[in-house]
Amino acid sequence: MPPTESVNGSSSGNGKKNFQPVSGRHGPHLNSRNPYQPVPDFLSNVNSFKIIESTLREGEQFANAFFDTAKKIEIAKALDDFGVDYIELTSPAASEQSRLDCEAICKLGLKAKILTHIRCHMDDARIAVQTGVDGVDVVIGTSSFLREHSHGKDMDYIHKTAIEVIEFVKSHEIEIRFSSEDSFRSELVDLLSIYRTVDQIGVNRVGIADTVGCASPRQVYDLVRTLRGVVSCDIETHFHNDTGCAVANAYCALEAGATHIDTSVLGIGERNGITPLGGLMARMIVADREYVTSKYKLHKLRDLENLVAEAVEVNIPFNNYITGFCAFTHKAGIHAKAILANPSTYEIINPADFGITRYVHFASRLTGWNAIKSRVEQLDLDMTDAQCKECTAKIKLLADVRPLNVDDVDSIIRQYHFNIKTGNDQPLLKGIEHPAPGIQEAADAGEPAAKKLRRTEPDQDAAKCC
Ligand SMILES: N[C@@H](CCCC[NH3+])C(=O)O
Ligand SMILES: [Zn+2]
């Protein structure tokens, strides 16, 4: 059960299902005056991008991934429900089961277009066009690393084979994308030459792939913008996250004129993966909330991530974009005060857009009196500002000794309230009359940090805010 509900149930006693909103004075989120809105540019696609969701292709390359047919179908349906434009599947040439699964997903009648991803080879292309996919994504390495140490082919071979494969796929009247691999370590002249060739014979998209995650946003911008001047077809981009740039690179690619971004749920993929779907949503909602909220069912993000996390047996990281357990929890007194007055002060994203709750942490040595005042109001207690301040000082004193949870703080507030109303002088928290001697027991009673980090829900000592 989420901590807020148990807290509410145990402490408010007024039968309210949820905490009351803290105040009616919340300012608008960043919609009208958004300093982060995209720089106007006629080539930019920040306001009109498409997602090629590759959890069922790139994601299958994640170390822990094994998706059986039923799980692939469940994930494909969930991605479709979320609203992704394309779902990319593992090559049907990879294994017999991969081929059967590809056929099965094509028969689901999803709204999203189904793609499969193959090597630039006629053997793979012949199998792919028989599966019922809406399009084929062809890839071949173009860097000297891959040409010399992977497939061993030169650029002449790549041109010749690409033309053959593309014309074959096109003859089946389905979409065709041609992508280089390791694009950022390929010679620019080689890239532009092959892209120009495939554009002229009518591919739907060309793809740029940062296969090793080496590219910086500025390099991405430069390459995509250059390519935009060379081809007239769509431009897809694919970014690995080895150096932490996968979301930023995707954004820069769109600014430079890319049309499609590859993602996977939680970013799963080869090594540490690619642009995560949730991270891209976080970035793009800040740029164009209207486009993102009208196109994608953001409330489904958390379930989608949980589905994939469970399937590949990982936890949602504590600092995950949007859904990490502390993504919308505010702790420092100064932050809490401002958030309670207007969430836009310390939040660029409105958690409500994702069906997620904002929390204000009010049980630490950093807690300020505004957070305690808000909690006092949630508990329906009657205390003046001066009393809230004094109570806060006592809470902070105890929070210096040991970790406090919501129940501890609620007990302190209630006891303090009882004392001031009755003139009593009972200890505020049972077992702690004098903070100093309790330090060791407090430390012993504290939860191991690792356990806290495994949580996907906000901590007990955070309270729902609004
Ligand atoms: N996973 C491969 C395929 C790229 C294809 C682009 N959609 C890479 O990173 O290079
Ligand atoms: Zn990749």
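Provided above is the structure to which this section pertains.
All figures in this text were calculated on a predicted structure; none of them were measured in a lab.

Asks: Would you take a moment to explain the environment of I334 for this structure?
Replies: Along the chain, the position of I334 falls in helix α13 (residues 333–341). Remark: the alpha-carbon pair of I334 and W369, spanning 35 residues in sequence, is separated by 9.6 Å.

Asks: In this structure, what is going on with the sheet that holds strand β7 (residues 234–239)? I would like to understand it.
Replies: The eight strands are arranged β1-β2-β3-β4-β5-β6-β7-β8 in a closed barrel whose pairing can be described as parallel. Averaged over all pairs of adjacent strands, the angle between strand axes in this sheet comes to 25°, irrespective of strand direction. Strand direction decides the pairing type here: strand β1 (residues 50–53) and strand β2 (residues 86–89), joined by two bridges, are parallel. Paired with E53 across the bridge in β2 is I87. Taken strand by strand, helix α6 (residues 155–171) contacts β4 (135–141) and β5 (175–181), and its axis lies near 160° from that of β5. Across the sheet, helix α8 (residues 217–228) touches β6 (205–210) and β7, and the angle it forms with β7 is around 160°.

Asks: Would you take a moment to explain the side chain of E88 for this structure?
Replies: Tracing the chain through its elements places E88 in strand β2. Polar side-chain contacts of E88 include one of 3.1 Å to the side chain of R57. Non-local contacts of E88, meaning those with residues more than four positions away in its chain, are made with I52, E53, S54, L56, R57, L115, H117, D137 and R177.

Asks: Is there a simple way to explain the layout of surface pockets in this structure?
Replies: A probe matching the size of a water molecule, rolled over the atoms, marks out where space remains unfilled. A volume near 690 Å³ is recorded for the largest pocket. The wall of the largest pocket is formed by 33 residues, among which H117, I118, R119, V139 and E181 lie closest to the centre. Within the residue set of the lining of the largest pocket, elements represented by two or more residues are β3 (113–119), β4, β5 and β7. Per-element tally for the lining of the largest pocket: the top contributor is β5, with four residues. Residues of the lining of the largest pocket, tallied by class, amount to nine nonpolar, 13 polar and eleven charged.

Asks: Even after reading the chapter, I still don't get the pattern of salt bridges, so can you show me in this structure?
Replies: Here the idea is simple: oppositely charged side chains can pair when their charged atoms come close. One pass over the full model with this rule turns up 30 salt bridges. Here R57 ties to E58 by a salt bridge, and the two come within 3.4 Å at their closest N and O atoms. R57 gets classed as buried once you look at its relative accessible area, which sits at 7%. By relative accessible area, which is 2% here, E58 ends up buried. Between D353 and R289 there is a salt bridge, with the nearest N and O atoms lying 2.7 Å from each other. With D353 in the loop between α13 and β10 (359–361) and R289 in helix α11 (residues 289–295), this pair connects stretches of sequence that are 64 residues apart. On the basis of relative accessible area, D353 is assigned to the buried category, the value being 12%. Classification of R289 by relative accessible area gives partly exposed; the value is 32%. One salt-bridge network, in which partners are shared between bridges, spans R57, E58, E88, K113, D137, E175, R177, R205 and E236.

Cut-offs used in this document
- Residues numbered from 1 in each chain as written.
- Chains lettered and ligands numbered in written order.
- Predicted model: local features only at pLDDT ≥ 70, side-chain atom pairs only at ≥ 80, totals over all residues.
- Heavy atoms only, no water.
- Helix = DSSP H or I, 4+ residues; strand = E, 2+ residues; numbered from the N terminus.
- Pairing = 2+ DSSP bridges.
- Axes fitted to C-alpha atoms, helices over the stretch in contact; angles between N-to-C directions.
- Contact = heavy atoms within 4.5 Å.
- Polar contact = N/O pair within 3.5 Å; in protein donor to acceptor, adjacent residues only side chain to side chain.
- 1 Å grid on protein atoms, 1.4 Å probe; cavity = no way out; pocket = protein on both sides within 12 Å on 5 of 7 lines; lining within 4 Å.
- Points joined across faces, edges and corners; volume = space filled by probe spheres on them.
- Nonpolar A, V, L, I, M, F, W, Y, C, P; charged D, E, K, R; others polar.
- Salt bridge = Lys/Arg side-chain N within 4 Å of Asp/Glu carboxyl O.
- Buried < 20%, exposed > 50% of the residue type's maximum accessible area, 1.4 Å probe, protein only.

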